[in-house]
Amino acid sequence: MLEIRNISKTFYPKTVNERVAIRDLSLSLPEGDFVTVIGGNGAGKSTLFNLIAGSLMVDSGQILLDGQDITYLPEYKRAFKIGRLFQDPLKGTAPSMTIEENLSLAYLRGRSRGLSWGLSKKNEAFFKEILSTLDLGLENRLKSKVGLLSGGQRQAITLLMATIATPKLLLLDEHTAALDPGTADKVLNLTKRIVAENKITTIMITHNITSALECGNRTIMMEDGNIILDLAGEERKNKTVEDILTLFREKSKKEFDNDRMILG
């Protein structure tokens, strides 16, 4: 489904500010995999997402999605197949547009739009139906501007927008980190349900090791631009935060330095 082959990315090459962000990284995700990604600051997690999404281009290597080589495909063309959520709830939606208008734009992604926006009675009923599954009362607020919603409500809308036209790949970039604990749990549970129901191949960056072990079927840890730990199946089952920290020390030969992840 997703095949990453020996990709590398260096910022400011051949200058005093040169920084290697991704080092000869390879990763293979079968269809339906839900992989959680953990790692300290500067490990390369967000850079990896930017390379997959096309926000950045690799220096070398290859990225294939559903058998298609997308290595140098522009970001806007990848967006037809890749859904993405960011940490900031303000990203991913148009605040001056209504909930209905935002959902319509997402629903029409990759379709022939013709001369209409798709704001039909049929679509309105469909939007109300999927909004009701959020259990946030938003199905009765289709005409409300998204900018008036809370952070949690906006992130839930963004999640629907990213999955309303089922993507080949869903990238979740710490999408609950900016929310309060109660709202974060609600959005995370919603995420797990939507991903499971639609069998969406998903990669989720999280600062919370406990969440990383509880979500999905596989957990990888990054450090210095590469994958140093890849756990799945029985090897991942019943692992604790302390087990992960011990494995990190063994693999990297240093202490984990992100308290936010340990205490999350």
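Small disclaimer: the values here were computed from a predicted structure and weren't measured.

> Explain the overall build of the protein chain to me, and be specific about the residues and the numbers.
Across its full length, the protein chain holds ten helices and ten strands. C-alpha atoms of the protein chain, sized along the principal axes, occupy 60 × 40 × 35 Å. Each of the 264 residues in the protein chain was classed as buried or not, and the buried ones make up 50%. Of all intrachain contacts in the protein chain linking residues separated by at least 6 positions in sequence, the fraction that spans at least 24 positions is 66%. A total accessible area of about 12700 Å² is found for the protein chain, and carbon and sulfur atoms account for 49% of it. Charge-centre separation for the protein chain: the mean point of 35 positive side chains lies 6 Å from the mean point of 33 negative side chains.

> Describe in detail the nonpolar core, supporting the description with residues and values.
Counting 30 residues, the largest nonpolar core has I99, L103 and L131 as the members making the most contacts within it. Broken down by secondary-structure element, the contributors of at least two residues to this core are α3 (99-107), α4 (121-132), α5 (151-163), β7 (169-173) and α6 (181-198). When neighbours within four sequence positions are excluded, L131 is seen to be in contact with I99, L103, L138, E139, L142, I157 and L160. Within the second largest apolar cluster, 26 residues are counted, among which are I7, L27, V35 and V37.

> Residue-level account of the side chain of T163, with values.
Examined against the element boundaries, T163 turns out to sit in helix α5. By relative accessible area, T163 is classed as buried at 6%. Setting aside its immediate chain neighbours within four residues, T163 contacts L170, I194 and I200.

> Would you mind going over the packing of aromatic side chains in detail, with residue names and values included?
One pass over the structure, following the stated rule, counts three aromatic pairs. Relative to F127, the ring of Y107 lies with its centre 6.0 Å away and its plane at 90 degrees, an arrangement referred to as edge-to-face. Here the residue Y107 occupies a position in helix α3, and F127 occupies one in helix α4, the gap between them amounting to 20 residues. Accessibility expressed as a relative area gives 18% for Y107, which makes it buried.

> So what about unusual backbone geometry? Which residues, and what values?
Phi at D135 takes a positive value of approximately 60 degrees, unusual for a residue other than glycine. Locating D135 in the fold gives a position in the loop between α4 and α5. Taking the relative accessible area as the measure of exposure, D135 reaches 60% and is therefore exposed.

> Go over the pairing of strand β6 (residues 82-85), please, and point to the residues and values.
Across a regular strand the side chains alternate sides, sitting on one face of the sheet and then on the other. Neither face of β6 is exposed, since I82 and R84 on one face and G83 and L85 on the opposite face are all buried. Taken together, the four bridges between β6 and β7 define a ladder with parallel strand orientation. Residue pairing in the sheet places G83 in a bridge with L170 of β7.

> Describe the sheet that holds strand β1 (residues 2-11), listing the residues and the values that go with them.
If you walk across this open sheet you meet the four strands as β2-β1-β4-β5, and the pairing is antiparallel. In this open sheet, the two edge strands, each paired with only one partner strand, are β2 (19-29) and β5 (68-69). Judged from the two bridges that link them, strand β4 (residues 60-65) and β5 form a sheet pairing that is antiparallel. Bridge pairing links L65 to Q68 in β5.

> Give me the sheet that holds strand β3 (residues 34-39): which residues, what numbers.
Strands sit in the order β6-β7-β8-β3-β9-β10 across an open sheet of six strands; the sheet is mixed. Sheet topology places β6 and β10 (226-232) at the edges, where each strand pairs with a single neighbour. On average, each strand axis in the sheet is inclined to that of its neighbour by 20 degrees, with strand direction left out of account. Sheet topology places β3 next to strand β9 (residues 218-223); five bridges connect them, and they run parallel. Pairing of T36 across the sheet is with T219, part of β9. Strand contacts of α5: β6 and β7, with the helix running at about 170 degrees to β6, the strand carrying the most contacts.

The rules behind the values
- Residues numbered from 1 in each chain as written.
- Predicted model: local features only at pLDDT ≥ 70, side-chain atom pairs only at ≥ 80, totals over all residues.
- Heavy atoms only, no water.
- Helix = DSSP H or I, 4+ residues; strand = E, 2+ residues; numbered from the N terminus.
- Buried < 20%, exposed > 50% of the residue type's maximum accessible area, 1.4 Å probe, protein only.
- Contact = heavy atoms within 4.5 Å.
- Areas by Shrake-Rupley, 256 points an atom, 1.4 Å probe, with all protein chains shown as cover.
- Lys, Arg positive; Asp, Glu negative; His and termini not counted.
- Charge placed at Lys NZ, Arg CZ, Asp CG, Glu CD.
- Core = buried A, V, L, I, M, F, W, Y, C linked by side-chain atoms within 4.5 Å.
- Phe/Tyr/Trp six-rings, centres within 6.5 Å; stacked < 30°, edge-to-face > 60°.
- Pairing = 2+ DSSP bridges.
- Axes fitted to C-alpha atoms, helices over the stretch in contact; angles between N-to-C directions.

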